[in-house]
Amino acid sequence: MFDTLVRKDRKAIRYLVVDDSVFARKNIIKMLEQFGGELAGEAGDGCTAITEYDRAKPDVVLMDITMPQMEGIEAAEKIIRNHPEARVIMVSSVGYQENIVAALQKGAKHFVQKPVKPEVLYEVIKYVMGEEAVSMQGAAAGDAQ
Amino acid sequence: MSFFSEDRVSELKDLFFESATELLQALNEQGLELERRPQDAEVVRSVRRTVHTLKGDSAACGYTALSDLAHELEDALTPELAKARGKRVAEVVLSAADIFQDMLRAYRKNAEPSSGAGLLDEIRALVSKTEAPELVVLTPAKKAIETFEWSEYEKILLQDAGRRGLKVLQVSLAVDPNCNTRAIAWQMVKNTFQDLGTVLLMLPEDAASMEKVDNLFAAIASSFDETHIAKKCRIPMVICDVFVERFGAADAAQVAAPVVEEVVTTKANASLPVEEVASESEPEIGAASISAAPESTLRVDAEKIDAVLNLVGELIIGKSMLTQSISEFDKKFGRDPLHAKFADVLGFQARVLADLQKSVMKVRMVPVEQLFRRFGRIVRDVAKACGREVRLELAGQTTDLDKSILDTLAEPMAHLVRNAISHGIESPDERVAAGKERFGTIKLNAYHQGNNVVIEVSDDGRGIDREKVVKKAVERGIIQAGEAKNLTEGEALNLIFHSGLSTAEEITSVAGRGVGMDVVKTVLDRLKGSIAIETEVGQGSTFYLKVPLTLAIIKALMFRSAQKLYAVPLTSVVEIIRATEAEIHKVDQHEVLRLRNEVLTLVRLNRLAAQAEKTSKIFVIVVAIGDRKFGLLVDKLVGEEELVIKALDHHLVSTELVSGASILGDGTVVLILDVQAVVSKLGRARTQDIKSAGAMA
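Residues numbered from 1 in each chain as written. Chains lettered and ligands numbered in written order. Predicted model: local features only at pLDDT ≥ 70, side-chain atom pairs only at ≥ 80, totals over all residues. Heavy atoms only, no water.

**As for the overall build of chain A**
Helix and strand content of chain A: five helices and seven strands. Ordered by position from the N terminus, the helices and strands of chain A form the series β-β-α-β-α-β-α-β-α-β-α-β. For chain A, contacts bridging at least 24 residues in sequence account for 67% of all contacts bridging at least 6. (Helix = DSSP H or I, 4+ residues; strand = E, 2+ residues; numbered from the N terminus. Contact = heavy atoms within 4.5 Å.)

**Quick notes on the interface of chain A and chain B**
If you look at the interface, chain A gives 18 residues, while chain B gives 20 residues. Of the roughly 1500 Å² buried between chain A and chain B on both sides combined, carbon and sulfur atoms contribute 61%. Looking at the side of chain A facing chain B, the largest losses of area belong to Gln97, Leu104 and Tyr127 of chain A, adding up to 37% of the total buried there. Run the count over chain A and chain B and you get one salt bridge. Among the salt bridges present, the one from glutamate 131 of chain A reaches lysine 231 of chain B, with a minimum N-O distance of 3.1 Å. Linking chain A with chain B are four residue pairs in polar contact (both at pLDDT 80 or more), by the criterion used here. In terms of residues, the side of chain A that touches chain B owes the most to one element, helix H4 (residues 97-105) of chain A, which gives five residues. Of the residues contributing to the side of chain A that touches chain B, the split by class is nine nonpolar, five polar and four charged. (Buried area = accessible area lost by both parts, 1.4 Å probe. Salt bridge = Lys/Arg side-chain N within 4 Å of Asp/Glu carboxyl O. Polar contact = N/O pair within 3.5 Å; in protein donor to acceptor, adjacent residues only side chain to side chain. Nonpolar A, V, L, I, M, F, W, Y, C, P; charged D, E, K, R; others polar.)

**A closer look at the sheet that holds strand S11 (residues 540-548) of chain B**
All names here are of chain B. A sheet is described by the order of its strands in space; here five strands give the open sequence S6-S8-S9-S11-S10, paired in mixed fashion. At either margin of the open sheet sits one strand with a lone partner, and together these are strand S6 (390-395) and strand S10 (530-536). Geometrically, the sheet is characterised by an average inter-axis angle of 15 degrees between neighbouring strands, direction not taken into account. Sheet topology note: the S6/strand S8 (residues 440-449) ladder contains six bridges and is parallel. When the sheet's bridge partners are listed, glutamate 393 is paired in S8 with lysine 443. (Pairing = 2+ DSSP bridges. Axes fitted to C-alpha atoms, helices over the stretch in contact; angles between N-to-C directions.)

**Considerations on helix H19 (residues 466-475) of chain B**
All names here are of chain B. Within H19, the full set of buried residues consists of Val469, Val470, Lys472 and Ala473. An end-on view of H19 places all buried positions within 165 degrees of arc, on one side of the element. Of the exposed residues in H19, the ones pointing more than 90 degrees away from its buried face are Glu467, Lys471 and Glu475. Capping of H19 at its N-terminal end is provided by aspartate 465; its side-chain oxygen lies 3.1 Å from the backbone amide nitrogen of glutamate 467. (Buried < 20%, exposed > 50% of the residue type's maximum accessible area, 1.4 Å probe, protein only. Arc of directions from axis to C-beta.)

**Thoughts on the environment of valine 366 of chain B**
All names here are of chain B. If you trace the backbone, valine 366 turns up in strand S5 (residues 365-367). Remark: the alpha-carbon pair of valine 366 and leucine 406, spanning 40 residues in sequence, is separated by 8.2 Å. If sequence neighbours within four positions are ignored, valine 366 has contacts with Thr399, Asp400, Leu401, Lys403 and Leu406.

**Brief notes about the packing of aromatic side chains**
Applying the stated criterion across every chain, the model contains 10 aromatic pairs over all chains. A ring pair is formed by phenylalanine 16 of chain B and phenylalanine 17 of chain B, whose centres lie 5.4 Å apart and whose planes are at 55 degrees; its orientation type is tilted. Take phenylalanine 17 of chain B: its relative accessible area is 6%, and that puts it in the buried class. With a centroid separation of 5.4 Å and 50 degrees between ring planes, the pair formed by phenylalanine 16 of chain B and tyrosine 63 of chain B is classed as tilted. Here phenylalanine 16 of chain B is found in helix H1 (residues 6-36), whereas its partner tyrosine 63 of chain B is found in the loop between helix H2 (41-60) and helix H3 (64-76), with 47 residues between them in sequence. Ring pairs connect the aromatic residues Phe16, Phe17, Tyr63 and Tyr107 of chain B, which therefore count as one cluster. Lying over the aromatic face of tyrosine 127 of chain A, lysine 232 of chain B brings its terminal NZ or CZ to 5.6 Å of the ring centre. (Phe/Tyr/Trp six-rings, centres within 6.5 Å; stacked < 30°, edge-to-face > 60°. Lys NZ or Arg CZ within 6 Å of the ring centre and 35° of its normal.)

**A few points about the confidence of the model for chain B**
Residue and element names in this part refer to chain B. Taken as a whole, chain B shows an average pLDDT of 76; of its residues, 81% reach a score of 70 or greater. Low pLDDT, under 50, characterises residues 130-138; the predicted model gives this stretch nine contacts beyond four residues in sequence or across chains. For residues 249-294, every residue scores under 50 in pLDDT, and the model assigns this stretch 26 contacts once sequence neighbours within four places are set aside. (pLDDT = per-residue confidence, 0-100.)

**Considerations on the nonpolar core**
In terms of nonpolar packing, the biggest core is built from 78 residues, with Met63 and Leu121 of chain A together with Phe193 of chain B touching the most fellow members. Beyond its immediate chain neighbours, meaning those up to four positions away, methionine 63 of chain A contacts Val18, Ala49, Gly72, Ala75, Ala76, Ile79, Val88, Ile89, Met90 and Val91 of chain A. (Core = buried A, V, L, I, M, F, W, Y, C linked by side-chain atoms within 4.5 Å.)

**A look at the sheet that holds strand S1 (residues 168-175) of chain B**
Residue and element names in this part refer to chain B. Sheet architecture is open: four strands sit in the order S2-S3-S1-S4, paired in antiparallel fashion. This sheet does not close on itself; its edge strands, each paired only once, are strand S2 (197-203) and strand S4 (239-246). Neighbour-to-neighbour, the strand axes of this sheet turn through a mean angle of 25 degrees, independent of strand direction. Across seven bridges, S1 lies against strand S3 (residues 215-222) in antiparallel orientation. Paired with leucine 173 across the bridge in S3 is leucine 216. Here helix H7 (residues 152-163) sits on the sheet and contacts S1, S2 and S3; the angle it forms with S2, its principal contact strand, is near 170 degrees. The strands touched by helix H8 (residues 182-196) are S1, S2, S3 and S4; relative to S2, the strand with the most contacts, the crossing angle is about 145 degrees.

**Concerning H3 of chain B**
The terminal C-alpha atoms of H3 of chain B lie 18 Å apart, and with 13 residues this matches the ideal 18 Å at 1.5 Å per residue to within 8%. Turning to H3 of chain B, its buried residues number three or more, namely Leu66, Ser67, Leu69, Ala70, Leu73, Glu74 and Ala76 of chain B. (Expected span 1.5 Å × (residues − 1).)

**Side note on the side chain of asparagine 28 of chain B**
All names here are of chain B. For asparagine 28, the location among the structural elements is in helix H1. Under the relative-accessibility criterion, asparagine 28 is labelled buried at 11%. Setting aside anything within four residues of it in sequence, one finds asparagine 28 in contact with Leu94, Ala97 and Arg377.

**Re the packing of H4 of chain A against H8 of chain B**
Relative orientation of the contacting elements H4 of chain A and H8 of chain B amounts to 5 degrees, with a least axis distance of 9 Å. As summarised for this structure, H4 of chain A and H8 of chain B are arranged roughly parallel, according to the angle between their axes. Where H4 of chain A abuts H8 of chain B, its residues Gln97, Ile100, Val101, Leu104 and Gln105 of chain A lie against Arg182, Ala183, Ile184, Gln187, Met188 and Asn191 of chain B. When grouped by side-chain class, the residues that make up the contact of H4 of chain A with H8 of chain B number six nonpolar, four polar and one charged. (Parallel < 35°, antiparallel > 145°, perpendicular 65-115°, else oblique.)

**Quick word on the pattern of salt bridges**
Residues and elements named next belong to chain B. Tallied over the entire structure, the rule returns 42 salt bridges over all chains. One salt bridge connects aspartate 241 with arginine 234, and the closest N-O pair in it is separated by 3.6 Å. Through salt bridges with shared partners, one network takes in Glu35, Glu91, Asp98, Arg377, Arg380, Asp381 and Lys384.

**Examining the side chain of asparagine 191 of chain B**
Its location among the elements puts asparagine 191 of chain B in helix H8. Those residues in contact with asparagine 191 of chain B, other than ones at most four positions away along the chain, are Leu104 and Ala108 of chain A.

**Regarding the packing of helix H5 (residues 87-108) of chain B against helix H16 (residues 375-386) of chain B**
All names here are of chain B. For the pair H5 and H16, interaxial distance at closest approach is 13 Å and the crossing angle is 115 degrees. One finds that H5 runs roughly perpendicular with respect to H16. Here H5 and H16 pass one another in a crossing that is left-handed. Residues Glu91, Leu94, Ala97 and Asp98 of H5 pack against Arg377, Arg380 and Lys384 of H16. Partitioned by chemical class, the residues of the contact of H5 with H16 number two nonpolar, no polar and five charged. (Left-handed = near helix turned anticlockwise from the far one by under 90°.)

As structure tokens, this is what we get:
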């Protein structure tokens, strides 16, 4: 039901999904698969998110805000400081408006409200990828995994 | 609040009450709008904003009961709720407006307001029933505004950037109506702009002000082209429409022209060669226009203006005193060279004084829209209560009228409108049966007529039946059966303003009108205005309320009667004629005079003078009341004068025939007659005198 979203070089977009709730992670991963994305890594806290980013170098990071050990904002900030090209999308409920604004000021690219709606997530990823992504009819790039 | 003085606190509170009244007015209007269009998220949001402001303001003044209630309402109001519960939400908003009003009234009196618990329950009931289904109805996207209204300062800033060789683009963004995280939206837009280039301007300037607006305006210096910027700005879930335009050459020229002119004058004053001026130099441009930045409106207490107006009145009295003294001087030293000089100075002073008076009057003038706006709610409530369907049409809202007159008119107009709906306009079924539109129409109109303002209140209802009114008046002994047949149509209708008739319950169902009509009349009399009716059975009625532009100063004609000085407003004078006693005839116990083709009913102000000889010359001042003319018999005319009306205490003058008094230049007091009261009282008294005299004989 969604057009496949791939990188300019026709390879699947690689994602890092960060959330302390396993259920929330799975939920998002399922959506990303529908868009023809590839899971580059998962993390349940901020520290792991930073090391996972360094290891996997994903195209897009989906980052929850409230997490144990290291909050999403701090993790996002550190990732962006080390990798200015990082595309970090914050995922959170509206109640944390100030935190989200702070994350955006630190360089996060966008924000998706929880509960995440697939059509919203799709549009946001497309926007964040900008010129670097193209959408293709059907599941042509689905074989990229 | 200890760091504010008492004065400051009360000033703040005054300000709060004033703005709160406006907010409630807005809330009423928005509530009505919401009733019409419950699906429109924009309307819901406007209601929310108003409630939000009220919440903030009242909290700042320490009125917690009000602010808590407003908070509760604000939280409950969502487009989803309005969609799900429809008109019910509008009901709650409107009843909230009423309760807020009551609370404000209590606060104003420093009393403890009602808790508003009923409203709280209503709000909660409203919310609880909607929680189940989560509605994902997306509000239609809005278009971005395609005009940019930069302030002078901002324009200069942009021109300056353009001159430095930057490509300046102005961007207008419409915030997605479904975006409920405005601060985040603002930050995201800002990030986007920063990626694209340098942000020169961005309105609103900070994320906090974003809650109230649906449009963002910005100017950026960027090397990207318009389409790329538009694409980047179309942020999903945040911005639904984008308009990008180069800060153009046309704009620049337009703006630059007046600014350069300003520089010319500044520099010319400093007596610099003109050639140098022509070559524009930037710093001066900036300086000149910052000082010219307009801050054009300020709120002033009406009492302060009244004080100024009062002083102007005193000045006018002073002027006539001066004129008087100079004419005395002239009589004594007519050939003195100082004479001409005095005359010049006096002329100059009179001119300036006239201008001053005019300007102060203008300050007091407000558009009648202020008054008309309140009627939306009244019409809705009354129509609902009476089971009518009524539309309100407004016209001439921009007509200006003295603020105090406007405020006084509010009550009588509300009376008229209520009556028009409850008694004038038929029930929808009746209307359809009569071949009319289901919807009745109440129309309010205002326009100038000479020195007066006419306000029309009309309906397209069943009209007033004259014969029934007259019949009732005869039954009640207000008029004699014999008199009844001599009444003109206008006079017959005017009977509904008679207190004996209008307070009676039955007449309202019979004649369709009547509740408190005498009050309406009294108020208009007090305003030195008049009221007239035009009605067509089955077609509707129109009430014409005519009021003077201002109350404080009138042009009047002065005359003497029985050695006393009186004045009548010049606006009611039609003409002045001379006659002899021999020309006066008696018709139906009235004294009349033939004036060209008309027969003029006379009112003798001085009854003793009736014994004068038949040949003596008399003056008749012809006055018009409604569509009828009357003649006032007076002894001597004195002249025209601008009179500053001083209100009379009821203890000083216990007659309704005099509406005010004034002081002349020589200190004489002149009484200003209420023409309408004089004619109706003396005219009628006379007929009754004669009648009773006849009965005795």
